[in-house]
Amino acid sequence: MTSSYGEIVERLEKATGPSYALEVEIGRALGYPAELLQPPPNFTYSLDRAMHVAKAKLDNGAIDIEVAYRSVGGKGFGRAEICGPRVDEAAIGATPAIALLICLFRALTVNENG
């Protein structure tokens, strides 16, 4: 069963780090065939992989993607923003890649719902 974009956002927001189960769920939601999900595609671990997916799904004109690693009080986390003609999202996540994926799936939810 494929999760909705909103369900994936909820899982990503709760994630404390990369997760194989979440990798598979993201891949299925994005339409990846099962054979491409073995080994894990590293969406939640690799910022490069998360950026590739975000650009592929949202780059339909001018788009600005900013991702940062932040550390406050010795605790690290990721922050991401995506801005463009049809998207304006910002998020904080356990890692920069997860923050970017939260933005991506929020934008996909908005685009899906019109």
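This section reports on the structure supplied with the text. Going along each chain's sequence as written, the residues are numbered from 1 onward. Local features in this predicted model are restricted to residues of pLDDT 70 or higher, and side-chain atom pairs are both shown and tallied only at a pLDDT of 80 or more, whereas totals for entire chains, interfaces and linings draw on every residue. For side-chain calculations, the full set of non-hydrogen atoms in the structure is used, while hydrogens and water are omitted.

**Details of the overall build of the chain**
Going by this rule: Only DSSP runs of H or I reaching four residues or more are called helices, and only runs of E reaching two or more are called strands; each is numbered from the N terminus. The globule rule is 2.2 Å times the number of residues to the power 0.38, and the radius of gyration it is compared with is taken over C-alpha atoms. Exposure is judged per residue with a 1.4 Å probe applied to protein chains only, and the accessible area is read against the type maximum: over 50% gives exposed, under 20% gives buried, and values in between give partly exposed. Contact definition: two residues touch when any of their heavy atoms are within 4.5 Å. Accessibility throughout is a Shrake-Rupley quantity obtained with a 1.4 Å probe, and a residue counts as covered only by protein chains that appear here. Charge assignment in this entry is limited to Lys and Arg as positive and Asp and Glu as negative, and neither His nor the chain termini are counted. Note on charges: their place is set at NZ of Lys, CZ of Arg, CG of Asp or CD of Glu.
Counting its secondary structure elements, the chain contains 4 helices and 3 strands. If you list the helices and strands of the chain from N to C, you get α-α-α-β-β-β-α. Against the 2.2 N^0.38 benchmark of 13 Å for 114 residues, the chain shows a C-alpha radius of gyration of 13 Å, consistent with a compact globule. Projected onto its principal axes, the C-alpha positions of the chain cover 40 × 30 × 20 Å. Looking at the 114 residues of the chain, the share that counts as buried comes to 40%. Across the chain, contacts joining residues at least 24 apart in sequence account for 39% of those joining residues at least 6 apart. Carbon and sulfur atoms make up 50% of the accessible area of the chain, which amounts to about 6300 Å² in all. For the chain, the distance from the average site of its 11 positive side-chain charges to the average site of its 14 negative ones is 3 Å.

**What to know about the pairing of strand S3 (residues 87-93)**
Quick note on the threshold: Should DSSP find at least two bridges between two strands, the strands are taken to pair.
Here S3 shows a buried face lined by Val 87, Glu 89, Ala 91 and Gly 93 and an unburied face lined by Asp 88, Ala 90 and Ile 92. Judged from the 7 bridges that link them, strand S2 (residues 75-84) and S3 form a sheet pairing that is antiparallel. The residue of S3 that forms the bridge with Ala 80 is Ala 91. The antiparallel hairpin formed by S2 and S3 contains 2 residues in its connecting segment.

**Concerning the state of the cysteines**
The criterion, for reference: The disulfide definition used here is simple: a pair of cysteine sulfur atoms within 2.5 Å.
On inspection of all chains with the given rule, the structure shows 0 disulfides. Cysteine Cys 83 shares no disulfide, and the gap to the nearest cysteine sulfur, in Cys 103, comes to 8.6 Å.

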